[in-house]
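Here's the letter readout for the chains.
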Amino acid sequence: MSVRVSAMSVLPPVRRDRVIAQLPQYFRKEAAFHTKEDFNNKVKTACQEQRTGTVGRFKISKVIVVGDLAVGKTCLINRFCKDAFDKNYKATIGVDFEMERFEVLGVPFSLQLWDTAGQERFKCIASTYYRGAQVVIIAFDVNDIASLGHVRQWLEDALKENDPTGVQLFLIGTKKDLSSPAQYSQIEQDALKLAQEIKAEYWAVSSLTGENVKEFFFRVASLAFETNVLAELEKSGSRQIGGVVRINSTSNNLHASSKKKQPNCCQ
Ligand SMILES: Nc1nc2c(ncn2[C@@H]2O[C@H](COP(=O)(O)OP(=O)(O)OP(=O)(O)O)[C@@H](O)[C@H]2O)c(=O)[nH]1
Ligand SMILES: [Mg+2]
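Residues numbered from 1 in each chain as written. Chains lettered and ligands numbered in written order. Predicted model: local features only at pLDDT ≥ 70, side-chain atom pairs only at ≥ 80, totals over all residues. Heavy atoms only, no water.

Let's talk about the coordination of the magnesium ion (ligand 2)
- Here the magnesium ion (ligand 2) is held by the protein donor atoms T74 (OG1) and T92 (OG1), which lie 2.0 Å from it. Here T74 is found in helix 3 (residues 73-82), whereas its partner T92 is found in the loop between helix 3 and strand 3 (95-104), with 18 residues between them in sequence.
- Accessibility expressed as a relative area gives 11% for T92, which makes it buried. (Donors = N, O, S within 2.8 Å, 3.2 Å for Na, K, Ca; no water. Helix = DSSP H or I, 4+ residues; strand = E, 2+ residues; numbered from the N terminus. Buried < 20%, exposed > 50% of the residue type's maximum accessible area, 1.4 Å probe, protein only.)

Details of the site of ligand 1
- The environment of ligand 1 is made up of 24 residues, and the closest members are K73, D86, Y89, G118 and D177.
- Contact between ligand 1 and G118: an oxygen atom at 2.7 Å from a main-chain N or O atom of the residue.
- A distance of 2.8 Å separates an oxygen atom of ligand 1 from a polar atom in the backbone of S207.
- Protein contacts shield 93% of the accessible area of ligand 1, which totals 660 Å² for the unbound molecule.
- In the shell around ligand 1, the residues fall into ten nonpolar, seven polar and seven charged. (Near = heavy atom within 4 Å. Polar contact = N/O pair within 3.5 Å; in protein donor to acceptor, adjacent residues only side chain to side chain. Areas by Shrake-Rupley, 256 points an atom, 1.4 Å probe, with all protein chains shown as cover. Nonpolar A, V, L, I, M, F, W, Y, C, P; charged D, E, K, R; others polar.)

A few points about helix 2 (residues 41-48)
- For helix 2, the complete set of buried residues consists of V43, A46 and C47. Burial along helix 2 is one-sided: seen end-on, the buried residues are contained in an arc of 100°. Within helix 2, the exposed residues directed more than 90 degrees away from the buried face are N41, K42 and Q48.
- Measuring from the side-chain oxygen of the N-cap residue of helix 2 to the backbone nitrogen of K42 gives 2.7 Å; that N-cap residue is N40.
- Looking one or two residues past helix 2, Q50 carries a phi angle of roughly 55°, positive in sign. (Arc of directions from axis to C-beta.)

Here it is as structure tokens:
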């Protein structure tokens, strides 16, 4: 038995409140990654037939949370992971991370949530951890229009370290509890417009009350999972047709191309 298998077998089961059986819905239709009501059929079938490849065995998706100082990145992660809220501001120095395990459509799936520093003086340390992110969450404070104005800069910094086509982007407005409905709806107009321009899914939350926090992370986990399984199916589809290994024209090593591919958990 390999070390990896024995290590996996001692993991406790996924918490009951981290089980996702249905696709959580978007927050605003105008700025959603997609508006389908259910998981992709191919993904559902693959999960039923346990054909999800590396997803469910080794796959951990890296999520980075970026945005101006004190917009509430740490509080957002703490509300979700620890169901806690601290009203005192303690700047994040560099980075922190939390691991969250889910079960999506019966398949184990983990998110590694990286909480990064917004303060300028810690940014250079934090940005070295941006690499390899599958999901980028850019946070702004719905009571601070300047923090929304800085979103593009955060996006640019995050994408410098990542393949822009492989990243799922979320724009999240924080501290919703502090704004009146009228103030909120005004900033939401701007946020939705920006989200559409940068192709991000938009959400607004409060870590103080917990409003939409769980819904948001469930949506992140589900969309990341769906994308990973689809990528996995595409990979195995191009590798194998009806059980016959296809040797594609770009392959210059027959032996290597017909060998079973090793799973790569760090893609
Ligand atoms: N009312 C209210 N206050 C919040 C909320 N989220 C965060 N705060 C407060 O905002 C301040 C900053 O929160 P943090 O989560 O530490 O901010 P951060 O984005 O992690 O800041 P850096 O680590 O410096 O980048 C703290 O005093 C929090 O209590 C919220 O949803 N509602
Ligand atoms: Mg912080």
